[in-house]
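Chain by chain, the residues run as shown.
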Amino acid sequence: MENPVPDKPRMATWKKVALGAAVLAVPCLMAVAGGAFYFISRRFPVQDQALNQEARVNVLRLCGDVQSYRDEHGVFLAAGPVPKEVPRGGRAVPFEPDENLKLIGFAPGERIRYQYQVLVQETPLGEAEVTCYARGDLDGDGQVSVFRVTLDANGMTSPVTAEREEE
């Protein structure tokens with residue numbers, strides 16, 4: 001007697017190989033991604049990344065406040081450094097602005113983990129150039145990370161640059 005149900009078509013050999021490779025590739029990719037995440041998180045711990053974000057945001061805010069003051073009053077003001085000593089070990093210290101930071105209106109919060117400063121210099125063309133700094137030592141090893149934004153006479157800001165960001 002003949003079988004009334006036709007045989008199921010057999011999967012081609014190349015499809016089996018591709019399926020097997022995919023089944024093996026997924027765990028391998030997960031392991032590689034996990035290893036990369038581990039390496040990055042050990043080199044730049046999540047907490048340090050969040051604290052570094054404080055410096056990036058505040059140094060941009062500081063230069064924005066400097067530019068706003070200039071728009072209103074026609075001059076750039078130098079300010080800081082505040083606090084006098086660079087905070088160490090990731091400890092937050094009270095923010096006590098100097099007179100010029102008050103005039104500029106810079107208010108990063110009650111407690112900060114970085115020192116903030118505004119330097120005003122004259123370019124060779126006689127125009128003012130402002131550099132806003134945030135300095136910190138999150139790991140307390142004496143190596144200071146420096147975040148910097150420059151503001152030119154036309155009010156254009158540079159991107160944030162960082163030196164020793166992981167410190």
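Since we're looking at a predicted model, the values are computed, not measured.

Conventions and cut-offs
Residues numbered from 1 in each chain as written. Predicted model: local features only at pLDDT ≥ 70, side-chain atom pairs only at ≥ 80, totals over all residues. Heavy atoms only, no water. Core = buried A, V, L, I, M, F, W, Y, C linked by side-chain atoms within 4.5 Å. Buried < 20%, exposed > 50% of the residue type's maximum accessible area, 1.4 Å probe, protein only. Helix = DSSP H or I, 4+ residues; strand = E, 2+ residues; numbered from the N terminus. Contact = heavy atoms within 4.5 Å. Pairing = 2+ DSSP bridges. Axes fitted to C-alpha atoms, helices over the stretch in contact; angles between N-to-C directions. Salt bridge = Lys/Arg side-chain N within 4 Å of Asp/Glu carboxyl O. Phe/Tyr/Trp six-rings, centres within 6.5 Å; stacked < 30°, edge-to-face > 60°. pLDDT = per-residue confidence, 0-100.

(A) Examining the nonpolar core more closely. Formed by 26 residues in total, the largest nonpolar core has its most connected members in Leu62, Val66 and Cys132. Elements represented by at least two residues in this core include exactly α2 (46–73), β1 (79–82), α3 (99–104), β4 (115–122), β5 (128–136) and β6 (145–151). Ranked by residue count, the leading element in this core is α2, at six residues. Not counting the four nearest positions on each side in its chain, Cys132 is found in contact with Val59, Leu62, Cys63, Val66, Gln117, Val118, Phe147, Arg148 and Val149.

(B) Expanded view of the sheet that holds strand β7 (residues 161–163). The antiparallel open sheet is built from five strands, whose spatial order is β1-β4-β5-β6-β7. The open sheet is flanked by β1 and β7, the only strands paired with a single partner. Strand-to-strand twist of the sheet, defined as the mean angle between neighbouring strand axes without regard to direction, takes the value 25°. Pairing of β4 with β5 involves eight bridges; the strand directions are antiparallel. Paired with Gln117 across the strands is Tyr133, a residue of β5.

(C) Up close: the pattern of salt bridges. In total, this model carries four salt bridges according to the counting rule given. A salt bridge links Arg113 to Glu54, with the nearest nitrogen and oxygen atoms 3.9 Å apart. Highlighted residues: Arg113 in the loop between β3 (111–112) and β4 and Glu54 in helix α2, separated in sequence by 59 residues. Judged by relative accessible area, which is 17%, Glu54 ranks as buried. Of the charged contacts, one joins Glu163 and Arg148 as a salt bridge, the two residues approaching to 3.0 Å between their closest N and O atoms. With Glu163 in strand β7 and Arg148 in strand β6, this residue pair connects regions lying 15 residues apart in the sequence.

(D) How the structure looks around the packing of aromatic side chains. Evaluation of the coordinates by the stated rule reveals three aromatic pairs. Seen in terms of ring centroids, Tyr114 and Phe147 are 5.8 Å apart; in terms of plane orientation they differ by 85°. Their pairing is edge-to-face. Highlighted residues: Tyr114 in the loop between β3 and β4 and Phe147 in strand β6, separated in sequence by 33 residues. Grouping residues by exposure puts Tyr114 and Phe147 together as buried.

(E) Examining the pairing of β4 more closely. As judged from the two bridges shared by β1 and β4, these two strands associate in the antiparallel manner. Directly across from Val82, in β4, lies its bridge partner Tyr116. Connecting β4 to the antiparallel partner β5 that follows it, the hairpin turn spans five residues, and Gly126 within it adopts a positive phi of roughly 85°.

(F) Broad picture of the confidence of the model for the protein. Predicted confidence across the protein gives a mean pLDDT of 81, with 69% of residues reaching 70 or more. When mean pLDDT is compared element by element in the protein, α3 scores highest at 97, while helix α1 (residues 13–43) scores lowest at 52.

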